[in-house]
Amino acid sequence: MKQYYRYADCSHMQLSSVPQDLPNDTEDLVLDFNHLVSLDEHSVFKYHDLKSLNLQSNGLKFVNPYAFQNTVHLESLSLQDNSIHTKYDLLSAALKFTPFLKKLDLSQNNLNEDMLILILRNLTSLESLYLDNNIIMRLDSSIFEGLSQLKELSLQRNYIYEIEGGTFEGLMKLRNLNLAYNHLPCIVDFGLTQLQSLNLSFNNIEWFQAQEIDVEFHLERLDISHNQLLFFPLLPRRNQLHLLLLSDNEMRFYAKLSDANSSLVSFLVIENNSINITTVNLWDEVILSNFSTLHYLDMSRNQFHNLPEGFLAKMSSLAYLKLNWNCLETFSLTQKDIPSDIIELDLSNNKLSTLQVDNTSQSYLGLKYFNLSNNILQKLPRHIFHNMNGLNSLDLSYNKINLCSYSHSVADIGESNCVDIRNLSSLRYLHLSGCGIELDTGRAFHGTAITYLDLSYNHLRDIYFLLDIATTLQFLYLRNSLPYNVSVDFSAFGNLIYLDISENVLTTFPTSLLELALHFLDLRKNSLTSLPLDSSYQQLLQNIKTIYLSDNPFDCCELSWWVILSKITQIRVPDIQEVNCQFSHSYMPVNDIPESVVQSCRWKTGGNLLYLLLVFPMCLTLLIALILLFLLFRQTFLQSLKRCYRTSSY
């Protein structure tokens, strides 16, 4: 939209009328979020140069038929979130004085299709129209009649369940159409060749079929995500699609489930009191569609068990492919099945047990991001990643995958159940969470420059095997991966800025961390009773920004570290409300320790001197009592002693 330089922002000022003390030549006036219930014929009369007027969220009910009689140059009008429906006929009369209006926003006004027919009448200059969040249920050609200049139309979040044929045919310049969040059951005979962007997400669409005509469609972006599609959409044979979003549907390919004849499906289409039966071959339609320009394809969260042979290979320009959260059991990475220029591939959360690769071909995949997490992979071709010389991010989490190290000799290459990532110099992000890997020895990361490594939920005895990447590693996750109370030495990891060692059984804080410049440290759910923080000038405390401490059995009488930590203002402890300490089998917040406990801790931590001061008076008193007792009964005691030793006569 054209930028206006004489601008006045009067939003959020609790105004009940349009201010009249602004410059007469104001071009852009913003009155959003006020209390302008009505707009009379004098409200904006003095602003004869007005080109943009915003009245969003005012509770506006009444617009005088002559309100815009002196603002004939108005190009943009926003009436979003008001109550226009109460006097919509008056607004229609007022808009007759806006012959140059290009942008109109009537969203959230409780308008239905009958009201719109009257409001939009004769607005032949409109280029952008927003009708979101109204109560429109049905569309036909009479609503948009005469809007020949319209380029953008948004109808999302209505109740549209039916679109009559020819509704958009008169809109020859329409480029962007948004029908998201409605109740459309299907799209049949789609023929809007002029459209560049179509959003049909969040409807009830079970079927999408384009017209079978040999005409070039200009559609570049198509979103049919979050619907109930049962089949892959039958797209225009000649199209310019760059972006295709099909996630969150119920799609699958059915050819392998039955014979060839059963792939013929008949659809009963009832329209304008006539019944048409359309028979299509699902398999052939998919293959015949032109995918040569497709750049981004999202088919995640569907029910795909397999893909047709050569289906992806036809997408020669494909760079981003999302197939996560499906039911795939195998996937082919061979040259004939996948474009070599693909950059990102997400196969996570499937049932993959096998990846097919071309062992003889020297061709290289251009993958930079590859996600295989949450599958049932147990064995991969040993050198599968060596033909991905640009791979930057790899996720193998929650598969039973082991990495090759120097302990796997050349002799057992054919037998060893491991995958080799050594000398993969482009790799920076590696996720190995929950793989059950054994990496206590060996040099599995030799020749790499990994900066981000997740080894959470594994069983490690130490971290010596990470020394090959100690100088490059910046982010390290060891959550629930040290099942033994081991003394871990981090002194070699000088560039580490993020460390997660939560959910382990550490009883002693690794003192080597005190010399690192960490920004983030997670110590939750360990067995720490104290932290060795004795000075705010320690390297760790000078750099740390965030630290998590909860679910540790800290000793309430050893909180000197907490006193130091709480005085450093730049350090955040997001879980401070859950950080407790233990005193005499009771737990209490470290920020709210009773004075009685503090006093008890002082006596307890006073050392041997306090112990002697307490014990010495008691011992001295007991000694004096014994001496007095001895002196008091001395004569009797001595006589008894003599009788005991007197010789008896016979």
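One can find the structure itself at the top, above this paragraph.
This is a predicted model, so every value here is computed, not measured. (Residues numbered from 1 in each chain as written. Predicted model: local features only at pLDDT ≥ 70, side-chain atom pairs only at ≥ 80, totals over all residues. Heavy atoms only, no water.)

A. Just the nonpolar core, in detail. By size, the foremost hydrophobic cluster in this structure holds 171 residues, and its most contacted members are Phe-144, Phe-331, Phe-370, Phe-385 and Phe-490. Breaking this core down by element, the ones donating at least two residues are α1 (88-94), α2 (113-119), β13 (186-190), β15 (207-210), α4 (539-543), α5 (560-566) and α6 (595-604). Per-element accounting of this core gives the leading share, four residues, to α5. With sequence-adjacent residues up to four places away left out, Phe-490 is seen in contact with Ile-463, Leu-476, Leu-478, Leu-496, Leu-499, Ile-501, Pro-510, Ser-512, Leu-513 and Leu-516. Core analysis: the next-biggest nonpolar cluster, separate from the first, contains five residues, Tyr-452, Tyr-477, Tyr-498 and Phe-520 among them. (Core = buried A, V, L, I, M, F, W, Y, C linked by side-chain atoms within 4.5 Å. Buried < 20%, exposed > 50% of the residue type's maximum accessible area, 1.4 Å probe, protein only. Helix = DSSP H or I, 4+ residues; strand = E, 2+ residues; numbered from the N terminus. Contact = heavy atoms within 4.5 Å.)

B. Molecular detail of the sheet that holds strand β35 (residues 586-589). Overall, mixed pairing links the three strands, which are arranged β33-β34-β35 in an open sheet. Sheet topology places β33 (554-555) and β35 at the edges, where each strand pairs with a single neighbour. The sheet contact formed by strand β34 (residues 580-583) and β35 spans four bridges and is antiparallel. For Cys-581, the partnering residue across the bridge sits in β35 and is Met-588. (Pairing = 2+ DSSP bridges.)

C. Expanded view of the state of the cysteines. This structure, assessed with the given rule, holds three disulfides. Across a sulfur-sulfur distance of 1.9 Å, Cys-404 and Cys-418 are joined as a disulfide pair. Between Cys-404 and Cys-418, the S-S dihedral sits near 90°, and the bridge is therefore right-handed. Separated by 14 residues along the polypeptide, Cys-404 in the loop between β26 (393-395) and β27 (429-431) and Cys-418 in the loop between β26 and β27 bring together distant segments of the chain. The pair formed by Cys-404 and Cys-418 is uniform in burial state, with each residue classed as buried. Cys-556 shares a disulfide with Cys-581; S-S distance 2.0 Å. Torsion about the S-S bond of the Cys-556 and Cys-581 cystine: about 95°, corresponding to right-handed handedness. Of this pair, Cys-556 sits in the loop between β33 and α5 while Cys-581 is found in strand β34, placing the two residues 25 residues apart along the sequence. (Disulfide = S-S within 2.5 Å.)

D. Just the packing of aromatic side chains, in detail. A full pass over the atoms with the stated rule returns 26 aromatic pairs. Here the aromatic rings of Phe-190 and Phe-208 are separated by 5.5 Å at their centres, their planes lie at 45°, and the arrangement is tilted. Of this pair, Phe-190 sits in strand β13 while Phe-208 sits in strand β15, and the two are 18 residues apart along the sequence. Per residue, the accessibility class of Phe-190 equals that of Phe-208, and both read buried. Between Phe-232 and Phe-291, the aromatic rings sit 6.0 Å apart at their centres with planes inclined by 85°, giving edge-to-face as the arrangement. Of this pair, Phe-232 sits in the loop between β16 (221-223) and β17 (243-245) while Phe-291 sits in the loop between α3 (282-288) and β20 (296-298), and the two are 59 residues apart along the sequence. Residue Phe-232 is classed as buried on the basis of its relative accessible area, which comes to 3%. Aromatic ring contacts, followed pair by pair, group Tyr-429, Tyr-452, Phe-475, Tyr-477, Tyr-498, Phe-520 and Tyr-548 into a single cluster. (Phe/Tyr/Trp six-rings, centres within 6.5 Å; stacked < 30°, edge-to-face > 60°.)

E. View of the pattern of salt bridges. Taken as a whole and assessed by the stated rule, the structure comprises 17 salt bridges. Measuring nitrogen to oxygen at the nearest pair gives 3.3 Å for the salt bridge that ties Glu-216 to Arg-238. Remark: Arg-238 occurs in the loop between β16 and β17 and Glu-216 occurs in the loop between β15 and β16; sequence separation between them is 22 residues. Taking relative accessible area as the criterion, Glu-216 reaches 26% and is therefore assigned partly exposed. Between Asp-468 and Arg-443 there is a salt bridge, and its shortest N-O distance comes to 2.8 Å. Residue Asp-468 is found in the loop between β28 (452-454) and β29 (475-477), and its partner Arg-443 is found in the loop between β27 and β28; the two are separated by 25 residues along the sequence. When salt bridges with common partners are traced through the structure, they connect Arg-138, Asp-140, Glu-162 and Glu-164 into a single cluster. (Salt bridge = Lys/Arg side-chain N within 4 Å of Asp/Glu carboxyl O.)

F. View of unusual backbone geometry. Positive phi outside glycine occurs at Asp-248, with the angle close to 60°. As for its placement among the helices and strands, Asp-248 is situated in the loop between β17 and β18 (264-271). For Glu-503, which is not a glycine, the phi torsion comes out positive at approximately 60°. Within the secondary structure layout, Glu-503 lies in the loop between β30 (498-500) and β31 (520-522).

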